[in-house]
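Below are the chains, spelled out letter by letter.
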Amino acid sequence: MIYGFKEVEEKWQKIWTEQKVFHAIHDPKRRKYYVLEMFPYPSGKIHMGHVRNYTIGDAYSRYKRMQGYNVLHPMGFDAFGQPAENAAIKNKTKPDIWTHKCIEWMKKELGRMGFSYDWEREVSTCDHNYYKWNQWIFLKMFEKGLAYKKGSNVNWCPSCETTLANEEVIDEGCWRCHTKVEQKDLEQWFLKITDYKEKLLDDLRQLKDWPQRVIAMQGNWIGKSQGVEIYFRLKESDKIIPVFTTRVDTIFGATYIVLAPEHPLVAEIIKGKPEEKEALKFIHKVSKESKAVRSSEDVKKEGVFTGCYCVNPVNSETIPVWIADYVLMEYGTGAIMAVPTHDQRDFLFAKEHNLPMKIVINQPGGPPGQAPDNMREAYEGDGVQINSGQFDGLPNQQAKLKIAEWMEKEGIGRIQTHWRLRDWLISRQRYWGTPIPVIYCSKCGVVPVPYADLPVKLPKEAPFTGEGGSPLSKVSEFVNTACPKCKSPARRETDTMATFFDSSWYFLRFSSPKFEAGPFSMEEAGYWMPVDQYIGGIEHAILHLLYSRFFTKFFKELGMVAFDEPFKKLLTQGMVLKDGEVMSKSRGNIVDPDSIIKNYGADTLRIYILFAAPPEVEMEWSERGIEGAYRFLNRVWRLLENKRSKKEPPEKLKKKMHQAIKEVTLDLESFKFNTAISEIMELVNEIYQDSDADITEAVKTTVLLISPFAPHFAEEMWQRLGNKDSIFKAGWPKYEERLLEESVVTMIIQVNGKLRCKIEVPAGIAEENLKEIVFSDEKLKPWIEGKPVKNLVIVPKKLVNIVI
């Protein structure tokens, strides 16, 4: 008897759709549970990464549904963005046509996997009924002073011909196309995420069920630093260069300062000097480098002398002013003090350019009076202050506060907190995105589009060449408009919003996707939000997850939500590999989910992808694994052939059945799908060993336990076992603890951590009686006889470790 997956899967997908089995309805009398996987970009075909992400979420949501929760499990499409525009150019079509074609294809593929989505809640960010509310949110931020435009040195992707936020530059390149990023001066729109820096940092403590790695990444990106802003005076003009440092204990060893090439003082201090030509040449060269390259520790640091000097305020020493590529304008003050003996980067730079060095912290155990010339590397550890005036002899950690307080008193510095986080650049010079709802009037200046005029729709026709900046700027019907205030001729903003704006609140829209009076219904969001379980890739740890937290805090300030954080629990799934590498078209190692579904069925693919590895780690693709999953499902299927026996099932089978319920439940709660499926396999093995008895209850339990993982298969077996309703309307099975109690347990006996023997003892034995049995056991005597026992460690029902 072979499982006919094709007919079964088509049958149950049709039933689920017709009966609206997964349609979520607001019901205050029921406990809600909101499961969400990060929605996809509609590329046209789902890949194994999609399959893994969505299968994890689907299995968990089905399990929660069977536990009695009112489950919300929606799906939509992150539909704006650069790839659709590029694909439209390549295929000589329009982005909206291309995108909607891809959405339809992906919905078909997602449907074939049997995912339990409430498709009535589908959202697509390129729909004007969605991006209207992007514009509404922007205007609210504009009113609060959180959306503003300024000239800035920005990250520029020459391939996409658009700007990128700092978070979108990964390993020197554009996060989309990986082209090396350059620097460019442009007028751009920003969101003042920095106004929320304290809350974004402090509220990380609320996220008890997020991976620590993600918490650390966000904390580091926000980057709170306590230090001192020191005032270095230019020798020739008395102008002050403020420098922020967290190592004020090394200030007496500062032998030069370094400015970022973009620092506003650079042009002034090099003007007319012999060094000007070389400096300008260097500045131009650095403008072509990405910030990631400039700040990388693996790249040689370059710089030039400005011809200018300043004064170290703590000892009045005259020191040179340099500019270098490794100093970035947006971090700190755009200037650093260089202490080569106590900072490795400064040490290498000083050695390269023959700059002076001075030791001001003596290394414990190091030779007194060590000459800087003999140093092979900077000493960055703790020690005692030397060459530091009145602070000599102090441990450097104590000296930090004393020096800082003295500098404040003398008016040569001040204690300060600095942050790494910078405001979010949202302007993009592309067509396929949300138009920024702003109008420029020669009389009234920057004028927000009135709420009543939203949405500002994208024009249906625009020139797509992939060259020459924003296509919107070339559509006169879009650009030319009237000022909402004075009715004079005016022009629209032609930049569009970064697509991360769209995804920063979509999870709220799912609570009320057809709501017309605002971005979302506060009543519906109050019931469904926050998301109970969010699932997606670690690559979004800083980008999407940080922005979503920012938007949620903004909505709370508006009184639209009552919670601080959008996602209670977060799971970051690992990637799918083949032959040790991430699947990609360029590597030629893609496995098409369609071919697996065609040959083995969606449930086989689901079982395999959940069984192959724990969700949070990388998973290596294996054809043998797929075949094994298919064989397992067929083995379970053949249990339907078993003729009912009147023979009472043995106690061992009953115990194994209840043990499986307990273990699978615990494993599902902790996303250990691989061990949950393994436990079901062991139960099936036990059923086959006892197949001459009445196994009806054990088979039903097996089908219930496997249903989150292989839903079509389970539905069909459940029906053939005589049940009329969907298995997902049945409750999750419960185990009886009394049946799991053991009368005898096997204890592992170790001596100094090494296994020496095993003994069987009564399950509820008292500790004193256990000791007596252990020390009287003949098998143990050769190892302990005549030797004093130093310690005894007992793990109940598991092991005893004797330390001698």
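What counts, and where the lines are drawn
- Every chain's residues receive numbers from 1 upward, in the order its sequence appears when written.
- A pLDDT threshold of at least 70 governs which residues receive local features in this predicted model, and a stricter bar of 80 or more applies before side-chain atom pairs are shown or counted, although totals over entire chains, interfaces and linings include all residues.
- In computing side-chain values, all of the structure's heavy atoms are included and hydrogens and water are not.
- Both site types are read off a 1 Å grid over the protein atoms alone. A 1.4 Å probe that fits but cannot get out defines a cavity, while an open set with protein on both sides within 12 Å along at least five of seven lines defines a pocket; lining residues have an atom within 4 Å of a point.
- Grid points are joined across faces, edges and corners, and a volume is the space filled by probe spheres set on the points.
- Numbered from the N terminus, helices here are DSSP runs of H or I no shorter than four residues, and strands are runs of E no shorter than two.
- Any carboxyl oxygen of Asp or Glu within 4 Å of a side-chain nitrogen of Lys or Arg constitutes a salt bridge here.
- Between buried and exposed lies partly exposed: a residue is buried under 20% and exposed over 50% of the maximum accessible area for its type, with that area taken using a 1.4 Å probe on protein chains only.
- DSSP calls a pair of strands paired once it identifies at least 2 bridges connecting them.
- When the strands point away from the viewer and the path from the first strand over the helix to the second turns clockwise, the crossover is right-handed.
- By the convention used here, residues are in contact when the closest approach between their heavy atoms is within 4.5 Å.
- The rule is short: rings of Phe, Tyr and Trp, with Trp giving its six-membered ring, pair when the centres are within 6.5 Å, and they are stacked under 30 degrees, edge-to-face over 60, tilted in between.
- Consider the ring centre and the ring normal. A charge sits over the ring if Lys NZ or Arg CZ is within 6 Å of that centre and within 35 degrees of that normal.
- Between the N-to-C directions of two axes lies an angle of 0 to 180 degrees, each axis being a line fitted to C-alpha atoms and, for a helix, fitted only over the stretch in contact.

Scanning the model with the defined rule gives two cavities of 30 Å³ or more in all. For the largest cavity, the calculated volume is near 170 Å³. In terms of lining residues, the largest cavity is bounded by 16 residues, among which Gly81, Gln82, Thr162, Arg428 and Thr499 are the most central. If you list the elements that add at least two residues to the lining of the largest cavity, you get β4 (162–164) and β23 (496–497).

Summed over all chains, the structure comprises 45 salt bridges. Residue Lys20 pairs with Glu120 through a salt bridge whose shortest N-O separation is 3.2 Å. Highlighted residues: Lys20 in the loop between α1 (5–18) and β1 (32–37) and Glu120 in the loop between α4 (95–112) and α5 (128–143), separated in sequence by 100 residues. Among the ionic pairs, Lys779 bridges to Asp777, the shortest N-O distance being 3.4 Å.

Now for the pairing of strand β24 (residues 531–537). Burial runs high along β24: seven of the seven residues are buried. Note that β1 and β24 share three bridges and pair parallel. Each bridged residue has a counterpart across the sheet, and for Glu37 the counterpart in β24 is Ile535. Two strands pair when backbone bridges link them, and β24 and strand β25 (residues 567–573) are joined in this way by six bridges, in the parallel orientation. Bridge pairing in β25 places Gly536 opposite Thr572. Taken together, β24, helix α17 (residues 543–557) and β25 form a β-α-β motif whose crossover is right-handed.

Here we come to the side chain of Thr701. One can find Thr701 in helix α23 (residues 696–706). What makes Thr701 buried here is its relative accessible area of 4%. Those residues in contact with Thr701 that lie beyond four places of it in its chain are Met657 and Ile661.

A few words now on the environment of Ala660. Assignment of secondary structure puts Ala660 in helix α21 (residues 651–669). As for Ala660 and Leu454, which are separated by 206 residues in sequence, their C-alpha atoms are 56 Å apart. Apart from the residues lying within four places of it in its own chain, the contact partners of Ala660 are Glu679, Leu683 and Leu705.

The subject of this paragraph is the packing of aromatic side chains. The way to describe two aromatic rings as a pair is by their centre distance and the angle between their planes. For the structure on display, the rule yields 51 aromatic pairs. A ring pair is formed by Phe115 and Tyr117, whose centres lie 5.7 Å apart and whose planes are at 55 degrees; its orientation type is tilted. No difference in accessibility class separates Phe115 from Tyr117, as the two residues are buried. An aromatic cluster of at least three residues, connected via ring pairs, comprises Tyr196, Trp424, Phe500, Phe501, Phe520, Tyr547, Phe550, Phe551, Phe554 and Phe555. It is Lys150 that lies over the ring of Phe190; its NZ or CZ is 5.0 Å from the centre. Lying over the aromatic face of Trp783, Arg756 brings its terminal NZ or CZ to 3.8 Å of the ring centre.

Glancing now at the pairing of strand β12 (residues 318–324). Moving residue by residue along a regular strand, the side chains alternate between the two faces of the sheet. β12 sits mainly inside the fold: six of its seven residues count as buried. Across three bridges, strand β10 (residues 256–259) lies against β12 in parallel orientation. Within the sheet, the bridge partner assigned to Val258 lies in β12 and is Trp322. Taken together, the seven bridges between strand β11 (residues 303–311) and β12 define a ladder with antiparallel strand orientation. Residue Tyr309 lies in a different strand from β12, and its bridge partner there is Pro320.

To continue, consider the sheet that holds β1. Neighbouring strands of a sheet are bound in pairs by backbone hydrogen bonds; such pairs are parallel or else antiparallel. If you trace the four strands from one edge of the open sheet to the other, you get β2-β1-β24-β25, paired in parallel fashion. One side of each edge strand has no neighbouring strand; the edge strands of this open sheet are β2 (70–72) and β25. On average, adjacent strands in this sheet sit at an angle of 20 degrees to one another, irrespective of strand direction. Sitting on the sheet, helix α2 (residues 48–66) is in contact with β1, β2, β24 and β25, with an inclination near 170 degrees to β1. Against the sheet, α17 touches β24 and β25, its axis set at about 170 degrees to β25.

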